[in-house]
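Residue-level listing of the chains:
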Amino acid sequence: MKIILLGSPGAGKGTIAKVLNQFDGSVQISTGDILRAAVAEGTELGKQAEATMKAGDLVTDELIMVMMEEQLKQDDCKAGYLLDGFPRTIPQAKALKILLDKMGENLDCALELVVAKDVIIDRLTTRRTCTQCGEIYNVKSKPPKLEGVCDVCGGNIVQRNDETGAAINNRLEVYLEQTAPLVHFYRDEGLLVSVQGSDSEQVLEALKTRLGILVE
Ligand code: AMP
């Protein structure tokens, strides 16, 4: 499967990507995770992206396209991928279309997760993330067994610096202005599948109906 995951920050794209990944081994590519790793390692990309990310703004389309072109050409992407957090602007979507045409590849669908704003804000403020492996926790619904320690890798669990107060509001505004128009873009491309809520079962049902894929 070659799927784009669309939806506001906190809509559950990462969680759904992990569920879908179990069915056919498509690789999950999260631009946010790649950028956070670059910031943590202090690479040139990380240095260029850090302040922008902290404010909840978008990294430039140019930087993102260089990074993603490299990713999508990797061998492990041949079997399929789930793009989480990319594309995020119309110019990125257009550049992706040109890149995939050049590579002779097609997307199966753009899967939009639609979740109410109050649920989104509650999720983002209570979300915690492992700095080492990126595993997602929630202080209310999915706390780690040992406070502050990742169940998966033993890494440190923190609140992301773009998931507090002003940065959250800015990310939601940026989403509405720059990313939400992608829904119309992919509807026009005949690729849009919209699913209410981020319940894994609902999403899998929608994909079965739309793509006829085997996700038993
Ligand atoms: P995420 O983990 O997807 O919420 O991404 C965290 C942050 O990384 C975003 O708020 C942006 O600053 C940056 N980012 C991730 N993906 C993109 C993208 N496709 N285009 C621009 N910035 C991005």
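Located above this text is the structure these notes cover.
What comes next is a walk through the structure. (Residues numbered from 1 in each chain as written. Predicted model: local features only at pLDDT ≥ 70, side-chain atom pairs only at ≥ 80, totals over all residues. Heavy atoms only, no water.)

### Some remarks on helix H2 (residues 31–41)
Taken together, the buried positions of H2 are occupied by Thr 31, Gly 32, Leu 35 and Ala 38. Burial along H2 is one-sided: seen end-on, the buried residues are contained in an arc of 125 degrees. Projecting away from the buried face of H2 at angles above 90 degrees are the exposed residues Ala 40 and Glu 41. At its buried positions, H2 is contacted by strand S2 (27–30), helix H3 (44–55), helix H4 (61–72) and strand S3 (81–84). Looking one or two residues past H2, Gly 42 carries a phi angle of roughly 70 degrees, positive in sign. (Buried < 20%, exposed > 50% of the residue type's maximum accessible area, 1.4 Å probe, protein only. Helix = DSSP H or I, 4+ residues; strand = E, 2+ residues; numbered from the N terminus. Arc of directions from axis to C-beta. Contact = heavy atoms within 4.5 Å.)

### Here's the deal with the site of the ligand
As a structural note, the neighbourhood of the ligand is formed by 16 residues, with Thr 31, Arg 36, Asp 57, Gly 85 and Arg 88 the closest of them. One nitrogen or oxygen atom from the main chain of Asp 57 is found 2.5 Å from an oxygen atom belonging to the ligand. Interatomic distance of 3.0 Å between a side-chain N/O atom of Gln 92 and a nitrogen atom of the ligand. Looking at the shell around the ligand, its residues break down into six nonpolar, four polar and six charged. (Near = heavy atom within 4 Å. Polar contact = N/O pair within 3.5 Å; in protein donor to acceptor, adjacent residues only side chain to side chain. Nonpolar A, V, L, I, M, F, W, Y, C, P; charged D, E, K, R; others polar.)

### A closer look at the pairing of strand S1 (residues 2–6)
Put simply, side chains in a regular strand alternate between the two faces of the sheet. The buried fraction of S1 amounts to five of the five residues, a majority that puts the element mostly inside the structure. Burial along S1 is two-sided: Lys 2, Ile 4 and Leu 6 facing one way and Ile 3 and Leu 5 facing the other are all buried. Pairing geometry for S1 and S3, over four bridges, is parallel. Bridge assignment links Ile 3 to a residue of S3, and that residue is Leu 82. Pairing geometry for S1 and strand S4 (residues 109–114), over four bridges, is parallel. Within the sheet, the bridge partner assigned to Leu 6 lies in S4 and is Glu 112. (Pairing = 2+ DSSP bridges.)

None of this, on its own, says anything about what the molecule does.
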